[in-house]
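# Summary of structural features
Below, each chain spelled out in residue letters.
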Amino acid sequence: MSKTKACLFDLDGVVVDTAKYHYLAWKRLANSLGFDFTHKDNERLKGVSRMQSLEILLSIGKIKPSDEEKSKMAEEKNNWYVEYISKLDENEILPGVKDFLIELRRNGIKIALGSASKNSMLILNNLNLTSYFDAIIDGNKVSKAKPDPEVFLLGAYELKVHPSECVVFEDAQAGIDAAKAANMKVIGIGQKDVLLNADKVFEGLSNADMDIIEF
Ligand code: B16
Ligand code: MG
């Protein structure tokens, strides 16, 4: 018998591939500052907060702006990013995700979002997925970024379940570490050899069913 009562989903990399739009916007910022930003560089930003991402980007460009300039840069990048994701639609939901959410609800499993993004409401609304989530915890609600467990602990709290009854779905190492620190089970989405300490790892959620949340 599974004791899983709730599933908590990361957004970027689990529900939708917004990393490609983050990449376009960060690259545009880097180019405007006179240096390049590669796909490989972008891997370092997955699951990382907006301001931490900017710090990584500036270290690549070896640029040291003032705090005021940094805020302007982050705002400019976000405006470009929002412009890109405003065109998102249901076709961009990653394979199997919607069917899995339906299956979880049918089985009485509670569902929460646990994302670093401050744009998660816009994304979920454009994907027509908002109504599947019983709680939405995102970058607007938490003060400590993953690997701190705050985002997932708040999710469990809002869902009124114990952390040990939760399963987290995450594509980033910082998120897996956050889930473990919250004393939750964690399913990594991606490659086994790069996602360390996940309880199980799958390439994606195609064909995901109730069995995968059995522990
Ligand atoms: P925003 P997740 C994360 O989403 C992204 O993976 C990361 O690249 C991004 O910097 C972060 O959200 C903040 O996003 O700029 O929209 O607030 O994986 O935690 O769902
Ligand atoms: Mg992610």
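Structure: see above.
What this report covers is the structure whose coordinates are included nearby.

The rules we used
- Throughout, a residue's number is its position along its own chain's written sequence, starting from 1.
- Chain A is the first chain written and ligand 1 is the first ligand written, with later ones labelled in order.
- For a predicted model such as this one, the threshold for reporting local features is a pLDDT of at least 70, and the threshold for listing and counting side-chain atom pairs is 80 or more; totals across whole chains, interfaces and linings nevertheless cover every residue.
- With hydrogens and water stripped out, all remaining heavy atoms of the structure feed into the side-chain values.
- Near is defined per residue: the residue qualifies when any heavy atom it owns lies within 4 Å of the molecule or strand.
- Identification of polar contacts relies on pairs of N or O atoms within 3.5 Å, with a donor-acceptor requirement for protein atoms, meaning one able to donate a hydrogen and the other able to accept it, and with residues adjacent in sequence counted only if both atoms are side-chain atoms.
- To be clear on the numbers: accessible area is Shrake-Rupley with a 1.4 Å probe, and residue cover counts the displayed protein chains and nothing else.
- Only DSSP runs of H or I reaching four residues or more are called helices, and only runs of E reaching two or more are called strands; each is numbered from the N terminus.
- In a helix, the anticipated span is given by 1.5 Å times the number of residues less one.
- When accessible area is computed with a 1.4 Å probe and restricted to protein chains, residues below 20% of their type maximum are described as buried, those above 50% as exposed, and intermediate ones as partly exposed.
- Contacts were defined at the residue level, with two residues in contact if any of their heavy atoms lie within 4.5 Å.
- With water excluded from the atoms, a metal site may look incomplete; its donors are any N, O or S atoms within 2.8 Å, or within 3.2 Å for Na, K and Ca.
- We define a salt bridge as a side-chain nitrogen of Lys or Arg found within 4 Å of a carboxyl oxygen belonging to Asp or Glu.

## A closer look at the site of ligand 1
The immediate surroundings of ligand 1 are formed by 18 residues, with Asp12, Val48, Ser117, Lys118 and Asn119 found nearest. Separating an oxygen atom of ligand 1 from a side-chain N or O atom of Asp10 is a distance of 2.9 Å. In the environment of ligand 1, an oxygen atom lies 2.8 Å from a nitrogen or oxygen atom belonging to the backbone of Gly47. Within the complex, the protein chains bury 98% of what would otherwise be the 470 Å² of accessible surface of ligand 1.

## Examining helix α3 (residues 50–61)
Here α3 is 12 residues long and its end C-alpha atoms lie 17 Å apart, about the 16 Å a rise of 1.5 Å per residue gives. Within α3 the residues assigned to the buried category are Ser53, Leu54, Ile56, Leu57 and Leu58. Structurally, α3 contributes buried residues whose contacts are with α1 (19–32) and α4 (67–85). A positive backbone phi angle near 50 degrees is found at Lys62, which sits one or two residues after α3.

## Topic: the coordination of the magnesium ion (ligand 2)
For the magnesium ion (ligand 2), the protein coordination sphere consists of Asp10 (OD), Asp12 (O) and Asp171 (OD), at 2.0 to 2.1 Å. For the magnesium ion (ligand 2), the single-chain donor residues occur in sequence as D-x1-D-x158-D. Here Asp10 falls in the buried class, since its relative accessible area comes to 5%. For Asp12, a relative accessible area of 15% puts it in the buried group.

## Focus: the pattern of salt bridges
All told, the structure shown has 14 salt bridges when counted by the stated rule. Taking the shortest distance from any N to any O, the salt bridge between Lys70 and Asp67 comes out at 4.0 Å. In this pair, Lys70 and Asp67 both sit in helix α4, 3 residues apart, roughly one turn of the helix. Note on Lys70: relative accessible area 14%, which makes it buried. For Lys72, the salt bridge is made with Glu68, and the minimal N-O distance between the two is 4.0 Å. On the criterion of helical spacing, the pair formed by Lys72 and Glu68 is a turn pair, its members being 4 residues apart in helix α4. Each of the two residues, Lys72 as well as Glu68, counts as exposed. Salt bridges sharing common partners tie together Asp10, Lys146 and Glu170.

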